[in-house]
Amino acid sequence: MRAWLLLASILFGCQVISGVDDLTVVPGVSSSGSSGAQAGSGTEAGKSGDEGTAGDGQTADECGADGSETCPGDLLCQSGKCIDPANDADRDGILAGSDCDDTDPEVGISAQRECAGPCSKGAMQCVMGAWAECDAPKDCSCGPGEEREVKCGNCGLQAQTCSAAGLWQDVGTCSGAGLCSPGQKEERGACGRCGSASATCLETCEWDDEVCSGEGECEAEATEMQPQGCGTCGEERTRARSCGRTCAWEAWSAWGECSTGAGCEVSESQTEPQTCGNCGSGMRTRGRQCGADCSWGTWGMWGACGGEMGCAAGTDQTASQACGNCSQGTQARVRSCNASCAWSGWGAWGGCTGAGGCTPGAVETSNQLCGNCNTGYQSRSRTCSGSCGWGAWGTWGSCGGVSVCSPGAVDISSTSCGNCPAGSKERTRTCSASCGWGTWGTWGACSGLQCSQNCCEGVTCQSLSCN
């Protein structure tokens, strides 16, 4: 019986409520269009028109033909038919006979929901108003340690493993679940010109791009004027229409009276000026031509903006000048355009960059180490030219402040010694690697005779003459 009713609802537009085997009878509505008199018998509806029609000439079970969605009594207009509101309780546009849950607008004809089987979780699909059989596996036998993946959530997968008892058990949570159920439709609010935005869930359980539908032809509360030449040349009248809150143009008003002088002379032109540019300092124009019917044509495009003065508010301007040695450097300053499109005063000059090599006539000296162990110094110099560039370096000067010795040099010192006749003896010192003299060595042997007594009185020196 239920299968027949579902088929009838598709072929003949019958309204079926989920879970009820009989058709819901809609008072005053005939699915065949022949019971209008029966529905309206003894009622005001029956008195309002011919048999099987409503008072406006349309059949009692039709609506929307004239752009309205009005139905008799408490009936609901849906898809051009007046139906009992009980046939679409959640107002999602899906009749109860095709809706798996007519109290929830999120549940549509292709909705899914989780279900539990004897072995694991699965999913149930809504098919023509009835939940299909759970697709969870019914075979609970498995080998311990086996693994598999089953569907879960919105396009998700659930990992499972077989327990030691031979039953499938979930591992972790449902992964990869999408944001919605395929076919699910979501209203996103107003859009465009009195339109309604909506999004539909794709087969991948992701929301498709928003679609704006039901837009009107104009912006709500906009007004449009229409001129018309009338009478003799030089006369004109107008009419107006407004855009309603539903973004549809209302009817044109009646034409106004012809006003002498309101029209124009054939081929007459008219120019309209408009301020433009920075703070309205410029001017542009547009024109229109009087047609053969003595009415003005449409305005042309605005011309280019001319005579613009001042500056664009919020912009900056930078000025630079030469500076430094021989004016080889650069320094900058900034001024800003204020809200009145006028330049403010210049700021202070910034620092000088790239000022040149030197001041003409300046002398630069360079020193370097020289001599033994670099203990001395020598110098050279260069002079700044008239073009602020350094000249070539001069030759190095003589080395000054050099230490007294070079590494390895030997110094000898001698002194007199002995008598009869007198002789001499020596000692030495060596220059170290750091160019400093070492300590003196011991005195060497004396080259003169050594007598214990005066040479004129002693025994050894008797043969010698004393001076």
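This is a predicted model, so every value here is computed, not measured.

Caption draft 1: Expanded view of the state of the cysteines. A full pass over the atoms with the stated rule returns 19 disulfides. Bridging Cys358 to Cys384, the disulfide has an S-S length of 1.9 Å. Here the disulfide of Cys358 and Cys384 is right-handed, its torsion about the S-S bond being about 80°. Note that Cys358 is positioned in the loop between strand E18 (329-336) and strand E19 (363-370) and Cys384 in the loop between strand E20 (376-383) and strand E21 (410-417), a separation of 26 residues in sequence.

Caption draft 2: Here's a closer look at the environment of Ser387. Looking at the secondary structure, you find Ser387 in the loop between E20 and E21. Measuring from C-alpha to C-alpha, the distance between Ser387 and Gln328 comes to 9.6 Å, with 59 residues separating the pair along the chain. Those residues in contact with Ser387, other than ones at most four positions away along the chain, are Cys326 and Gln328. Engagement of the side chain of Ser387 in a polar contact is seen with the side chain of Ser385, the distance being 3.0 Å.

Caption draft 3: Quick peek at the sheet that holds strand E3 (residues 112-116). As summarised here, the arrangement of the three strands in space is E3-E4-E5, forming an open sheet in which the pairing is antiparallel. Strands with a single pairing partner mark the edges of an open sheet, and in this sheet they are E3 and strand E5 (130-131). As paired strands, E3 and strand E4 (residues 121-127) are joined by five bridges and run antiparallel to one another. Bridging across to E4, Arg113 finds its partner in Met124.

Caption draft 4: The packing of aromatic side chains, seen in detail. A full pass over the atoms with the stated rule returns zero aromatic pairs. We note Arg188 situated over the ring of Trp207; from NZ or CZ to the ring centre the distance is 5.2 Å. Positioned over the ring face of Trp249 is Arg241, at 4.4 Å from the centre of the ring.

Caption draft 5: Representation of the confidence of the model for the protein chain. Considering every residue of the protein chain, the mean pLDDT works out to 76; 78% of them sit at 70 or more. Note on residues 1-60: pLDDT is under 50 here. Beyond four places in sequence and across chains, it has 74 contacts. Low pLDDT, under 50, characterises residues 462-467; the predicted model gives this stretch four contacts beyond four residues in sequence or across chains.

Caption draft 6: View of unusual backbone geometry. At Glu221, a residue that is not glycine, the phi angle is positive and equals roughly 70°. As for its position among the elements, Glu221 is in the loop between strand E11 (211-213) and strand E12 (223-229). Judged by relative accessible area, which is 62%, Glu221 ranks as exposed. Not every positive phi belongs to a glycine, and Cys279 is a case in point at roughly 50°.

Caption draft 7: Here's a closer look at the side chain of Asp99. When you line up the elements, Asp99 lands in the loop between strand E2 (81-83) and E3. A residue is classified by how much of its surface remains accessible, and Asp99, at 0% relative accessible area, is buried. In terms of polar contacts, Asp99 uses its side chain to reach the backbone amide nitrogen of Asp101, at 3.0 Å.

Caption draft 8: Highlighting the pattern of salt bridges. Summed over all chains, the structure comprises six salt bridges. Across the salt bridge formed by Arg188 and Glu186, the nearest N and O atoms sit 2.5 Å from each other. A relative accessible area of 31% means that Arg188 is categorised as partly exposed. One network of salt bridges, with partners in common, ties together Glu186, Arg188 and Glu210.

Caption draft 9: Here's a closer look at the environment of Gly256. If you trace the backbone, Gly256 turns up in the loop between strand E13 (235-242) and strand E14 (259-260). We classify Gly256 as partly exposed; its relative accessible area is 27%. Residues Gly256 and Thr238, spaced 18 residues apart in sequence, show a C-alpha to C-alpha distance of 5.5 Å. The contacts of Gly256, once residues within four sequence positions are left out, are Arg237 and Thr238.

Caption draft 10: Fine view of the sheet that holds E11. Taken together, three strands build an open sheet; the order of strands is E9-E10-E11 and the sheet is antiparallel. The two strands at the open ends of the sheet, each matched to only one other strand, are strand E9 (185-191) and E11. Pairs of neighbouring strands in the sheet enclose a mean axial angle of 30°, with direction left out of account. Bridge count for E9 against strand E10 (residues 195-200) is six bridges, and the pairing is antiparallel. Its bridge partner lying in E10, Glu187 is registered against Ser198.

What counts, and where the lines are drawn
Residues numbered from 1 in each chain as written. Predicted model: local features only at pLDDT ≥ 70, side-chain atom pairs only at ≥ 80, totals over all residues. Heavy atoms only, no water. Disulfide = S-S within 2.5 Å. Helix = DSSP H or I, 4+ residues; strand = E, 2+ residues; numbered from the N terminus. Contact = heavy atoms within 4.5 Å. Polar contact = N/O pair within 3.5 Å; in protein donor to acceptor, adjacent residues only side chain to side chain. Pairing = 2+ DSSP bridges. Phe/Tyr/Trp six-rings, centres within 6.5 Å; stacked < 30°, edge-to-face > 60°. Lys NZ or Arg CZ within 6 Å of the ring centre and 35° of its normal. pLDDT = per-residue confidence, 0-100. Buried < 20%, exposed > 50% of the residue type's maximum accessible area, 1.4 Å probe, protein only. Salt bridge = Lys/Arg side-chain N within 4 Å of Asp/Glu carboxyl O. Axes fitted to C-alpha atoms, helices over the stretch in contact; angles between N-to-C directions.

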